[in-house]
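# Reading the structure
The primary structure of each chain is shown beneath.
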There are 2 protein chains.
Amino acid sequence: MPEQFRKGVLVPRLDDVAAAAGVARSTASRVMSGEATLTIREETRQRVLDAAAKLGYRPDTRARALRLKRTYALGIVVPEIDNPAFGTIIRSAQKAAIERRYSLFISLADKDQPDTALYRRLVEGKGVDGVLVTTISDPGLVDELRRRSIKHLLVNRELEGHQGSIIVDYVEATAQVVEHLVMLGHRRLAFISGPLHQYAGQKRLEGFTKGLRRCGLVPDEQLIGECNYGWAEAAEVFKRIYVASAAPPSAVCAANTTIASGMIAGARSIGLEVPDELSVISLLDSPLALMHVPAISAVQFPFEELGRLAANELIDAIENGSEMENVRLERFRIAERGSVSSLR
Amino acid sequence: MPEQFRKGVLVPRLDDVAAAAGVARSTASRVMSGEATLTIREETRQRVLDAAAKLGYRPDTRARALRLKRTYALGIVVPEIDNPAFGTIIRSAQKAAIERRYSLFISLADKDQPDTALYRRLVEGKGVDGVLVTTISDPGLVDELRRRSIKHLLVNRELEGHQGSIIVDYVEATAQVVEHLVMLGHRRLAFISGPLHQYAGQKRLEGFTKGLRRCGLVPDEQLIGECNYGWAEAAEVFKRIYVASAAPPSAVCAANTTIASGMIAGARSIGLEVPDELSVISLLDSPLALMHVPAISAVQFPFEELGRLAANELIDAIENGSEMENVRLERFRIAERGSVSSLR
DNA sequence: TTGAAAGCGTTACCAC
DNA sequence: GTGGTAACGCTTTCAA
């Protein structure tokens, strides 16, 4: 049975701690703040700490936030949650935030109910000190953040003229994948993208054509297909491209492992062997790549670093008022597995 | 350039709205509350609303929470985020919460830093009105929630003697999978579980042995293997079981699709054909099941309903003080795909 | 129908 | 070194 404080209330406040320790509320506050610079008699400090421990006191974050005009909380807005890249970003951002004594609130941007979305509450209601934005499919969000001058950082997204974003280099990575394939002797390259109205889709397409041009090849519209709905559609898209094409591709860049897996299934269904008759590479790695037969070669990006740096940069901006940079992480790696063969 | 209110401050408060509308703060508050029962002259109401709109006023959730002793926010503690079951639960819980005008804060329970975990802050600091708990691997959390009498509901978890949990029926589903396999003529069934110290692992093992007994079969310890670390380990575990066993299994229940995929790879590496020489079924479905060759038969649970009911039950308890129930959702479905064959 | 004022739990300024 | 007190932005009771 928990001890009672004021009539009927079971949660101790700072006043209860102060009373139990026989000091004033302000003294108790100073002790609890933990500030080493404050001058407090050691004996007093102990008495307060003991009282707080005995009562199980925890500061009320709401009252504290009201007073300090700071919540020590960050928000991250993500479009989907069960996605390896976002999962990694969220985890590393949370870890970095916690290390700096911030909380990270994850908010799913629900397409179905954008106007009631969590972020409105979080952000407009001053529930967080800053926001990490990993989706710009709702352009209203960034606008509103800017209008309300709420610190925010675009993560794995960038916007023309926007100050404060941190990205990995989808363009260059994709271009180098193309070069890699060409070096292996491939000349007819296909590209099956994800939704092209989204950021990642656009960047990868940009990198694909850039890579071709660097190799002196011309992009062939016939070899570029868009896949909006995942695995089964990817198989169809590939078959359509393959059948329609006069000179069929010998290698395919797939936006991610789900699409790669689907199009491999499609290729098989028309009798194509992977990698012997068709090379496939995924432009984004995931655990699925290793489970696949054959294992899918894929590009790996430093998403962990991305999340960590993002959280730290945002907190720096909050605490020091420092300007936010536009950062591009150039590191990436092509993990070679069994889905690509050399034509030489 | 945003308009200024009090000196140097750019965010309008209720006082600013009231001043702009020429009414008292309390009147503005009443209008903004939207309570239909309050008697307010229509003309006044319009004036306040107009002022609020013009200034872009949003109530400060921190101040409101402090005053009301209610945050209209829920927390959900999840062990991992990129997992199809948790993803679905989170999405549906968030949707249900938003419909009832609550926010849902997602909190990753980080094994590495349990004591700094978000939930402490959320919960102890009164940041939420209630908590959905989807992991009990840290037993301290539930204890503390109970001690502080914070409303909480176990989701997809249950605890001896705990009031308030909502689960799907892993035990019965697994038992019926076993019966299904036996009906198909299988007699030697293996089970490759996930971590057995976790809730789901225990329940599935319980269901596995229960199913065998119902069919008059005795569980064979030799045919039960534990897989803690995913795909590659699953292959090893299966091979170990298969080789060591005097009478090898003709069918395997795998805890999830990752384990199923891994053990199929292991089976292939020792020359076994799936499903011709070995049937495999996953006790939990995921998108991977369809991408696999052969597609993996798997059990589907109503996780969407689970999340929705959980949020609603928690909110009911918060608002009406209603007692929380222990609910078991009995629905599930075996999705038959290509990884199981009949011996008849 | 509207206004004044108290109070939620905290921090920080200013006295002592 | 410590205590009293105002203030953060809101809701709600009580009075007018």
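As the structure is a prediction and not an experimental result, all values here were calculated from the model. (Residues numbered from 1 in each chain as written. Chains lettered and ligands numbered in written order. Predicted model: local features only at pLDDT ≥ 70, side-chain atom pairs only at ≥ 80, totals over all residues. Heavy atoms only, no water.)

This next bit is on the overall build of chain A. Counting its secondary structure elements, chain A contains 13 helices and 12 strands. Computed over C-alpha atoms, the radius of gyration of chain A comes to 27 Å, more than 25% over the 20 Å expected from 2.2 N^0.38 for 344 residues, which places it beyond the range of a compact globule. C-alpha extents for chain A along the principal axes are approximately 90 × 45 × 35 Å. For chain A, the residues scored as buried account for 53% of the 344 residues in total. Counting only contacts in chain A whose residues sit at least 6 apart along the sequence, the fraction spanning at least 24 positions is 69%. As presented, chain A carries roughly 15,700 Å² of accessible surface, and 50% of it is formed by carbon and sulfur atoms. Across chain A, 44 positive and 43 negative side-chain charges occur, with their mean positions spaced 7 Å apart. (Helix = DSSP H or I, 4+ residues; strand = E, 2+ residues; numbered from the N terminus. Rg over C-alpha atoms; globule rule 2.2 N^0.38 Å. Buried < 20%, exposed > 50% of the residue type's maximum accessible area, 1.4 Å probe, protein only. Contact = heavy atoms within 4.5 Å. Areas by Shrake-Rupley, 256 points an atom, 1.4 Å probe, with all protein chains shown as cover. Lys, Arg positive; Asp, Glu negative; His and termini not counted. Charge placed at Lys NZ, Arg CZ, Asp CG, Glu CD.)

Let us now look at the sheet that holds strand β7 (residues 224-226) of chain B. All names here are of chain B. Pairing is mixed across the open sheet formed by 6 strands, whose spatial order is β7-β6-β8-β9-β10-β12. Of all strands in the sheet, those with a lone pairing partner are β7 and β12 (333-335), marking the two edges. Strand-to-strand, the axes of this sheet are offset by a mean angle of 20°, without reference to chain direction. Relative to β12, strand β10 (residues 297-300) runs antiparallel, the two being bridged by 3 bridges. In the strand pairing of β12, Ala-298 is matched with Ala-335. Along the sheet face, helix α9 (residues 199-214) touches β6 (189-193), β7 and β8 (251-254) and points at about 170° away from the line of β6. Against the sheet, helix α11 (residues 257-269) touches β6, β8 and β9 (279-282), its axis set at about 160° to β9. (Pairing = 2+ DSSP bridges. Axes fitted to C-alpha atoms, helices over the stretch in contact; angles between N-to-C directions.)

The interface is formed by 55 residues belonging to chain B together with 56 residues belonging to chain A. Our count for the chain B to chain A interface comes out at 0 salt bridges. Counting the contacts that link chain B with chain A gives 4 residue pairs in polar contact (both at pLDDT 80 or more). With 8 residues, helix α5 (residues 84-99) of chain B is the single largest residue contributor to the side of chain B that touches chain A. Across the side of chain B that touches chain A, the residue classes tally to 23 nonpolar, 15 polar and 17 charged. (Salt bridge = Lys/Arg side-chain N within 4 Å of Asp/Glu carboxyl O. Polar contact = N/O pair within 3.5 Å; in protein donor to acceptor, adjacent residues only side chain to side chain. Nonpolar A, V, L, I, M, F, W, Y, C, P; charged D, E, K, R; others polar.)

Residues and elements named next belong to chain A. The domains assigned to chain A are domain 1 (3-59), domain 2 (67-168 + 303-331) and domain 3 (170-300). Between the C-alpha centres of domain 2 and domain 3 the distance comes to 31 Å. With 7 residues of domain 2 at the interface, the matching set in domain 3 holds 6 residues. Buried surface at the junction of domain 2 and domain 3, summed over both partners, amounts to about 630 Å²; 60% is from carbon and sulfur atoms. (Domains from an automatic or database assignment. Buried area = accessible area lost by both parts, 1.4 Å probe.)

Near DNA strand C there are 28 residues, and of these Leu-14 and Arg-67 of chain A together with Thr-39, Thr-44 and Arg-67 of chain B occur at the shortest range. Considering DNA strand C, the proportion of its atoms within 4 Å of the protein that are sugar or phosphate atoms stands at 59%. A distance of 3.3 Å separates a phosphate oxygen of DNA strand C from a polar atom in the backbone of Asp-60 of chain A. At 2.8 Å, a side-chain N or O of Thr-27 of chain B approaches a phosphate oxygen of DNA strand C. Residue assignment for the surface near DNA strand C shows that the elements contributing at least two residues are α2 (25-33) and α4 (61-68) of chain A together with α2 (25-33) and α4 (61-68) of chain B. Looking at the surface near DNA strand C residue by residue, the classes come out as 9 nonpolar, 6 polar and 13 charged. (Near = heavy atom within 4 Å.)

Right, let's talk about empty space enclosed by the protein for a bit. Taken as a whole and assessed by the stated rule, the structure comprises 2 cavities of 30 Å³ or more. One number sums up the size of the largest cavity: a volume of about 70 Å³. In terms of lining residues, the largest cavity is bounded by Leu-288, Met-291, His-292 and Val-293 of chain A together with Leu-288, Met-291, His-292 and Val-293 of chain B. Of all the secondary-structure elements, those providing two or more residues to the lining of the largest cavity are α12 (288-291) of chain A together with α12 (288-291) of chain B. Taken together, the residues of the lining of the largest cavity break down into 6 nonpolar, 2 polar and no charged. (1 Å grid on protein atoms, 1.4 Å probe; cavity = no way out; pocket = protein on both sides within 12 Å on 5 of 7 lines; lining within 4 Å. Points joined across faces, edges and corners; volume = space filled by probe spheres on them.)

Residue and element names in this part refer to chain B. If you check helix α10 (residues 231-244), its first and last C-alpha atoms are 20 Å apart, about what 14 residues at 1.5 Å a residue would give, namely 20 Å. Buried within α10 are the following residues: Ala-234, Ala-235, Val-237, Phe-238 and Ile-241. Viewed end-on, α10 has its buried residues packed into an arc of 165°, placing them on one side of the element. Of the exposed residues in α10, the ones pointing more than 90 degrees away from its buried face are Arg-240, Val-243 and Ala-244. Packed against the buried residues of α10 are β6, β7, β8 and α11. (Expected span 1.5 Å × (residues − 1). Arc of directions from axis to C-beta.)

Moving on, we get to the nonpolar core. By size, the foremost hydrophobic cluster in this structure holds 105 residues, and its most contacted members are Leu-132 and Phe-303 of chain A together with Leu-132 and Phe-303 of chain B. Setting aside its immediate chain neighbours within four residues, Leu-132 of chain B contacts Gly-75, Ile-76, Val-77, Ala-93, Leu-104, Leu-153, Val-155, Ala-310, Ala-311 and Leu-314 of chain B. (Core = buried A, V, L, I, M, F, W, Y, C linked by side-chain atoms within 4.5 Å.)

The next subject is the pairing of strand β3 (residues 130-133) of chain A. All names here are of chain A. Judged by which residues are buried, β3 turns out to be covered on both faces: Gly-130 and Leu-132 on one side and Val-131 and Val-133 on the other are all buried. Pairing geometry for strand β1 (residues 73-78) and β3, over 4 bridges, is parallel. Paired with Val-77 across the two strands is Val-133, which belongs to β3. Note that β3 and strand β4 (residues 152-155) share 3 bridges and pair parallel. By the bridge assignment for β4, Leu-132 is matched with Leu-153. What joins β3 to β4 is helix α7 (residues 139-147), and the crossover it makes is right-handed. (Right-handed = clockwise from strand over helix to strand, strands pointing away.)

Residues and elements named next belong to chain B. Running from amino to carboxyl end, α10 crosses α11 at an angle of 50°, the nearest separation of the two axes being 7 Å. Comparing their axes, α11 and α10 come out oblique. Relative to α11, the crossing made by α10 is right-handed. Residue-level inspection shows Trp-231, Ala-234, Ala-235, Phe-238 and Lys-239 of α10 in contact with α11, the latter providing Thr-258, Ile-259, Ser-261, Gly-262, Met-263, Ala-265, Gly-266, Ala-267 and Ser-269. Looking at the contact of α10 with α11 residue by residue, the classes come out as 8 nonpolar, 5 polar and 1 charged. (Parallel < 35°, antiparallel > 145°, perpendicular 65-115°, else oblique. Left-handed = near helix turned anticlockwise from the far one by under 90°.)

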